[in-house]
Amino acid sequence: MRSPGQAMLWEIWRVTRVEAGWKLALGTVGALTALIWTAAFAPPGNPTKTTDFGAVVALTFIVMPQFVGWLFLPRLNGHRPGFPLRLQFTNPVRTAFMVGVPMAYLTIVPAAAYLASALLLRAIYDYPFPLLPVAAWIAVLNLVLTASHWSARKTSVTTLIGMVFSTALMLFAVHRLTSYPDGLDWHDSPKLWPTIFDFPLTDYALIVVIGLAAFGATVARVARQRSGDAPAASFAWGSGYPERLINLFRFQCPTSSATRAQVWFDLKIRGLPVLTIAATLAIAIPLLFAVSVPIDAAITEGSRLHMSCSNRGCFYLRPMVLMFAAISLLIVLFQGGNAFGFRYKQGRVYLSGFEMTQAYGTAQLACLKLLVRSACFLAALIAVGVSFWTSLPILGDDLFIQMWGVPLTNLQGAINGFIAALTAYQLFALGVVVAIGVFIWTTAFAVLGALWTRYPRPGNIAASLLLLYGLSLALLALAGRYGIVPAFLVDAIFTASGWIAAASMPFTIAYVLWRGFAERVLTIRYAIGAVMISAAFAAAWLTVLRATGIQPAVSMLWPLPLALMAGVLAPWALNRIRHT
Amino acid sequence: MENTVVDVNDLSRSFGGKSALDGVSFRATAGQVYGLVGSNGAGKTTLLKHLLGLWRATTGSVRIFGLDPVRDPVGVLSRVGYLSEERDLPEWMRVDELMRYTQAYHPTWDESYARELLETFALDPAKKIKDLSKGMRAQAGLIAAVAHRPELLILDEPSSGLDAVVRRDILDAVVRAVADDGRTVIFSSHLLDEVERMSDHVTMIQNGRVTLSGLLDDVRRTYQRSRVHFVDHMDRPPVLETALAMEGGGRAWSVVHSGSLEQFHHSVAARGGEVVESRDATLEEIFLARAGRSRQQVEAA
Amino acid sequence: MDITINLTDGVAIYRQIVNQVKYLVASGLLLPGEELPPIRTLALQLKVTPNTIVKAYGELESSGVIQKRQGSGTFVSEGRPPQVALRERRRVIEQRIDALLAEAHQLNFTADEILRMVRERKTEMDGAAAESAELKKEANS
C-alpha cells in the first residue's frame, strides 16, 4: 500500500521522466558539442576568444532546457489548467502536503539536472560554470510556472504569468550579464562568471520570498478547488487560435460554391488570426523601439551608481526590445505550421472529422488549405519584416556597435543597395522565389505533421536516425580536422551524403506519383500543374542566384525537385490521414 | 432488383492488435431503415466510419452507391448526410454559418426545410456552437445532415444523452426522410425500443462480429419468450437445448429460446414442466439474452 | 385514428396496427368510406418507420378491410359483408377467451366454474346499471 506522497511522486515521475531525461541529455550533449567544436576550430592565433564563446554557448545549452518549464506535465490534467492530482482530493492529506510534495519534485529536478551538467562540465573543462545561483534561478522559475499552472483557471492567465515571470528573470539575467567593467566584451564573460554570478544575499532572500509566496498562493487556490469553490477549468482549446481571435472579423460565408466556402473557413480559422497577430506585432515593434530610446536615456542619466554601463551609454531596454522583435519574427515563422488543422486534445493528435467529411476532393482540399495558409503567412512575414527593418534605425547605431562592432547603417545600407540594384525582372523573380518558398515551408510543416501523426513510430525512428546521422557527420568533420581520418575520405562521405539526399527527392516524387495515381488522389492535370510551377520556381531561383553573383551549378538546382515534391506530397499526405 | 445503396463485404479491421471488426458483411437497399445495435465498443461506430471513408478498408470492401468512399470521397459524401457520435462541429461557428457552410457543399440544399427545422427546434441562429447544450448541438448537426435531402443518412447514436423532446425531433426527421423521399437511413443506437420502432432491418454486432442480421420482424420471429412452470422446485435454471436465457426462480421460469416451438415443448416436458404462454421475443430480450449468453459461454470456458 | 403501439407485448408493430384497425372497423369507430391517415402522418404520429405502415396498410388492403384510391388516399372499404365483420369480432373475443382460460387453468378453475362466474358477474353488473339508472331518473325529476 503506497503512501499518498509516494503515489503522487510516482504519477508525476511517470509523466515527466522522459522529458527530464531528454532535457538533461540535450543540454549536456549540446554543451559538450559546442565546447569540442570551438576547441577544434579555434584559430591558432587567438584560441581563447573562440573557446570563451564556446563556453558561453555551452552555458546557454545547459540552462535553456531547464528554463522552459515542464512541457509534458499538462498531460496529467488533460491540458487544462488547475491542480492535476485531483484524485488525491478525497484522501486524508493536507492540501499543503498535496501541493508541496509534487511542487518540490518539479522544482528540485530541473535545478539538480542543471547542477549535474554544470559539475560535469566543470570537471572536464576549466571554465567556472556557475552552480548555486543559476540553480536557484531555475528552481524559482519552475516553481512559479508550476504554481501558475495549478492555480489559474484559464490558460491565458497561466501563459501570461509564465511569460511575465520568465521575462522578468531574463531581464534580471541580462542586467547581471551586462554589468561588467569597461574595456571588456561579452565574449570575455566566462572569466567574469564568478563575479557576475555572485549573488548578494538579498537576491537569494528575494528568490526564497518569491518561492514561498508562490507556494502559499498555490496552496490557497488548490484548497479552493478542493472544496469545490473554484469551478473546474473549462475545456482548454485543443490547438488552434482562441475563439475570440477567430471571430474577430465576421463576414458571411459564401454559399455559391464549395471552394469559396472552404476558403472562408480556412481564412477564419487559420488565415486571419495569423494576419491579426502579425499586424499587432508590426504596430507594436516600432512603438516599443521608439519608447525604449528615451527610457534608456533616462536610465543613463539617472542611475550611474547602480549599473556599470559602457562609455557609450546604458543599453538596458533596447537589447530587450530588439530581442522581442527577433522573437516576434520567430513567432510569425511558426505560424506557418499546421495548415491541415491538427487538433491536440487530451494527448492525442487528430484531424477534425467535420472537415474531413465535407464533400471535397483531397488534392483540392490540401492545396486550398496550404495556399490560404501560405498567403496569409507571407503577408504576415512581410508585415512584421518590413516593420522590423524600417524601425531598426530608431534604436540608433550605438547599440549595434556595442553588440556587434558594426554600425547598423552599414548593414542595412548594403542590403538596401543590393535590392535597389535589381532589375524589375530580377525583383519579380525574387518575389516568386519568396512566395513559392513560403508555400514549400508551409507544406513541409503540414506534410511532416501529417505523416508523423499517421505513422508515429516510423516517424520517431526516422527522426532519431537523421539526428544520429547529422551528429556523426559533425564528428566526422571534426575527425577530419584533427587529421584522424584522411581528408579525401571525409570529402567523399560528405559528397556521397549530398548525392543520396539529392537522389532521394526524385525517388520520393516517383513513389508518391505512382501511389497517388493508383489511389486516384492525383490527376494528370494536377501533376502537370505541379511540374509547371516547379519549373517557374527553378527559373526564378536561378535568376536570383545570378543576380547575387553566384554562378549557377548543377548542385544549385536542388529547389526544383523540392518544389515538385511539396506539390505531390501534400495531397498524398492528406489522403493518408483523411482515410486512416 | 432493388437498389443497393451500401455494400460492405467481409470487412475486418484491427487497431493496435485488437480486432474491432471481424468479417463484417452488411447490405442496405434504398428506402429502408437499418438499425445497428450492440454494446459499447462492439464496433458500430467503426463500421459507420468505414462507410464514410474515415477509415480505409484494409481487408474486404466497402461500396456506397457503387463507389469506394476512399477513392471517390466527393461522389459519396455529396449524397450522404452524417451525424457523428461526438457531434464534431467547429466550436467557433454560429448556427447560421454552419447552415451556409454546409449549403455551399450541397446544391440540393432545401433552405425552406432548414428554416422549418430551425424553427421547430427553436434554435437561435446567432448562437455559437460552443454555447449550445448537448441536445441543441445534436439538433444543429441533424439539420446540417438532413437539410440537403441526402440519399443516405448515417446517424451514429443520434439519441444518446438526449432528452425525450430532442429524441422525438430526431425520430421525426428520420421518419420524414424515409417517408418523403424514399431515402435510406442507417443509425446505430443502444436504445432498443427506439430501434424496434424505427428499423425495418436490424443488425446486431458483438465483439466486431455480426451476430444477427435481417428484417426486424423475421429476427423477432426467430426468438420466442415463453413462461414455463415446473413440477419440481429448481434452484438453478435447468438446461434446455434451445434456450438462450432463463429468468425466474423456483417453479416459474421465463425463457428466451430459438428454434421451433414444438421442440421447446418437448424439451420442457422432458424436464417435467409445461409451457404456459409463448410469444415472439422483443428486441431487448433478444439482445440481453445473446449478450448474456456470450458471458455464460466465457464463464463455462 | 386512435392507435397505440405497445413494445412489451411481443407482437410485431405492423400486426398491432392491423389488429387495431380491424377492431376499429368492426366496432364501428371507423365507418365505411372514412379516410385513413396517410402513411407519413401515421408514421410520425406513432413514431415508427413508414415501411411498417406500408406493410400494415398492404395487409389490410389484401384482406379487403381498406381500399387505396388513386390520388385520393386510403379509405375504409364500403359495404363489407357482415360475416367478415362477425369474423373479426369473434376473433377479438376469442383472444380474450384464450387468455381467460389460460389464467383459469393457472388458478385451478374449471371451465364450468368460469362460465358460472361469468353469469354471476353479468347479473351483478346489470343490477348495478339498473340501480344507477334509477338514481339518475330521481335526480332529474
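All values derive from a computational prediction rather than experimental measurement.

Another point: the overall build of chain C. In terms of regular secondary structure, chain C is built from five helices and three strands. The order of α-helices and β-strands along chain C, N terminus first, is α-β-α-α-β-β-α-α. For 141 residues, the compact-globule formula gives about 14 Å, and the C-alpha radius of gyration of chain C, at 20 Å, lies well above that figure. Each of the three principal axes of chain C carries a C-alpha extent, and together these read 55 × 50 × 30 Å. Counting all 141 residues of chain C, 18% fall into the buried class. Sequence-distant contacts in chain C: of pairs separated by 6 or more residues, those separated by 24 or more amount to 58%.

Time to look at the overall build of chain A. Check the secondary structure of chain A and you find 19 helices and two strands. Counting every position in chain A, which comprises 580 residues, the buried fraction comes to 33%. Long-range pairs, those at least 24 residues apart, make up 78% of the contacts in chain A with a sequence separation of at least 6.

As a further point, take the pairing of strand β2 (residues 18–29) of chain B. All names here are of chain B. Pairing between strand β1 (residues 4–15) and β2: eight bridges, direction antiparallel. Opposite S14, over in β2, you have S19 as the bridge partner. With antiparallel pairing between neighbouring strands as the criterion, β1 and β2 make up a hairpin whose turn holds two residues, including G16 at a positive phi of roughly 55°.

What is expected of a backbone is that most residues other than glycine have negative phi and most peptide bonds are trans. Residue and element names in this part refer to chain B. Unlike most non-glycine residues, R149 shows phi in positive territory, near 50°. With respect to the helices, strands and loops of the structure, R149 is situated in the loop between α5 (134–146) and β6 (152–156). Using a count of 17 C-beta atoms within 10 Å as the deciding quantity, one classes R149 as partly exposed. Positive phi, normally seen in glycine, also occurs at N207, with a value near 50°. Within the element layout of this structure, N207 appears in the loop between β8 (201–206) and β9 (209–215).

As a further point, take the domain arrangement of chain C. Many structure descriptions define interface size as the accessible area lost when the parts assemble. Split into domains, chain C comes out as domain 1 (13–76) and domain 2 (82–140). Centre-to-centre separation of domain 1 of chain C and domain 2 of chain C, based on C-alpha positions: 29 Å.

Below, the discussion takes up the environment of Q6 of chain A. Residue and element names in this part refer to chain A. Mapped onto the fold, Q6 is located in helix α1 (residues 4–41). What makes Q6 exposed here is the crowd of 11 C-beta atoms within 10 Å. Taking the C-alpha atoms as reference points, Q6 and F354, separated by 348 residues in sequence, lie 43 Å from one another.

Contact geometry of helix α6 (residues 164–181) of chain B with helix α2 (residues 39–46) of chain C gives a least axis separation of 10 Å together with a crossing angle of 160°. Here α6 of chain B lies roughly antiparallel to α2 of chain C, going by the angle between them. Both α6 of chain B and α2 of chain C take part in a crossing whose hand is right-handed. Touching D172, V175, A179 and D180 of chain B of α6 of chain B are I39, R40, A43 and L44 of chain C, all from α2 of chain C.

A word on the interface of chain B and chain A. Contact residues are listed per partner, giving 25 residues for chain B and 25 residues for chain A. Mapped onto the side of chain B that touches chain A, the elements with two or more residues apiece are α2 (73–77) and α3 (95–105) of chain B. Ranked by the residues each element gives to the side of chain B that touches chain A, the list is headed by α3 of chain B, at six residues. Here the residues of the side of chain B that touches chain A are counted per class, giving 14 nonpolar, four polar and seven charged.

This part takes up α1 of chain A. Residues and elements named next belong to chain A. Between the first and last C-alpha of α1 there are 54 Å, a value that for 38 residues agrees with the 56 Å anticipated at 1.5 Å per step. By the largest-angle criterion, T16 marks the main kink of α1, which is about 50°. Close packing links the buried residues of α1 with α2 (47–67) and α3 (95–124).

The next subject is the interface of chain B and chain C. Contacts between the two partners involve 23 residues from chain B, matched on the other side by 16 residues from chain C. Those elements giving two or more residues to the side of chain B that touches chain C turn out to be α6, α7 (192–198), α8 (216–222) and β12 (273–280) of chain B.

Residues and elements named next belong to chain B. With antiparallel pairing, three strands are arranged side by side in an open sheet as β2-β1-β4. Taken across any chain shown, the strands that pair with only one partner, and hence form the sheet edges, are β2 and β4 (59–64). The sheet shows a mean angle of 15° between the axes of neighbouring strands, taken without regard to direction.

What follows deals with the pairing of β1 of chain B. Pairing of β1 of chain B with β4 of chain B, which is carried by five bridges, proceeds in the antiparallel orientation. Across the sheet, V6 of chain B pairs through a bridge with I64 of chain B, a residue of β4 of chain B.

Attention shifts here to the arrangement of the chains. The protein chains that touch form two pairs of chains, and the pair with the most contacts between them is chains A and B. Left apart from each other, chain A and chain C have a closest C-alpha approach of 27 Å.

It is worth spelling out the sheet that holds strand β1 (residues 35–36) of chain C at this point. Residues and elements named next belong to chain C. Within the open sheet, the three strands sit side by side as β1-β3-β2. Their pairing is antiparallel. The open sheet is flanked by β1 and β2 (66–69), the only strands paired with a single partner. Sheet topology places β1 next to strand β3 (residues 73–76); two bridges connect them, and they run antiparallel. Opposite E35, over in β3, you have F75 as the bridge partner. Contacting β2 and β3, helix α3 (residues 50–62) runs over the sheet at an angle of about 110° to β2.

Quick look at the confidence of the model for chain C now. All names here are of chain C. For chain C, per-residue confidence averages 85 on the pLDDT scale, and residues scoring 70 or more make up 95% of the total. Confidence, read as mean pLDDT per element, is least for helix α4 (residues 82–106) in chain C (78) and greatest for α3 (91). Reported confidence for the predicted complex is 0.86 by ipTM and 0.77 by pTM.

Turning to the confidence of the model for chain A, a few remarks are in order. For chain A, per-residue confidence averages 81 on the pLDDT scale, and residues scoring 70 or more make up 87% of the total. Element-level pLDDT for chain A is lowest in helix α6 (residues 189–196) of chain A, with a mean of 69, against a maximum mean of 90 in helix α12 (residues 362–395) of chain A.

What follows concerns the environment of L162 of chain B. Residues and elements named next belong to chain B. Considering the arrangement of structural elements, one finds L162 in the loop between β6 and α6. Under the C-beta neighbour-count criterion, L162 is labelled buried, with 21 such atoms within 10 Å. Between the C-alpha atoms of L162 and K134, which are 28 residues apart in sequence, the distance is 7.3 Å. Setting aside residues up to four positions removed in sequence, L162 forms contacts with K134, G135, A138 and R167.

This next bit is on the nonpolar core. Of all hydrophobic cores here, the largest spans 184 residues; its most connected members are V568, L569 and A570 of chain A together with I143, I154, V174 and V185 of chain B. In terms of residue count, α12 of chain A provides more of this core than any other element does, 15 residues in total. For L569 of chain A, the contacting residues outside a window of four places in its chain are V447 and V512 of chain A.

Residue and element names in this part refer to chain A. Following both chains from N to C, one finds helix α15 (residues 424–454) and helix α19 (residues 559–578) inclined at 35°, their axes separated by 9 Å at the closest point. In the packing of α15 onto α19, the handedness of the crossing is left-handed. Note on element contacts: α19 touches α15 through L562, A563, A566, L569, A570, A573, L574, R576 and I577, opposite I436, I440, T443, A444, A446, V447, A450, L451, T453 and R454. A per-class count over the contact of α15 with α19 returns 15 nonpolar, two polar and two charged.

What counts and how
Residues numbered from 1 in each chain as written. Chains lettered and ligands numbered in written order. Predicted model: local features only at pLDDT ≥ 70, side-chain atom pairs only at ≥ 80, totals over all residues. Helix = DSSP H or I, 4+ residues; strand = E, 2+ residues; numbered from the N terminus. Rg over C-alpha atoms; globule rule 2.2 N^0.38 Å. Buried ≥ 20, exposed ≤ 12 C-beta atoms within 10 Å, placed from the backbone. Contact = placed C-beta atoms within 7 Å. Pairing = 2+ DSSP bridges. Domains from an automatic or database assignment. Axes fitted to C-alpha atoms, helices over the stretch in contact; angles between N-to-C directions. Parallel < 35°, antiparallel > 145°, perpendicular 65-115°, else oblique. Left-handed = near helix turned anticlockwise from the far one by under 90°. Nonpolar A, V, L, I, M, F, W, Y, C, P; charged D, E, K, R; others polar. Expected span 1.5 Å × (residues − 1). Bend = angle between axes of the 7 residues up to and from the residue. pLDDT = per-residue confidence, 0-100. Core = buried A, V, L, I, M, F, W, Y, C linked by C-beta atoms within 7 Å.

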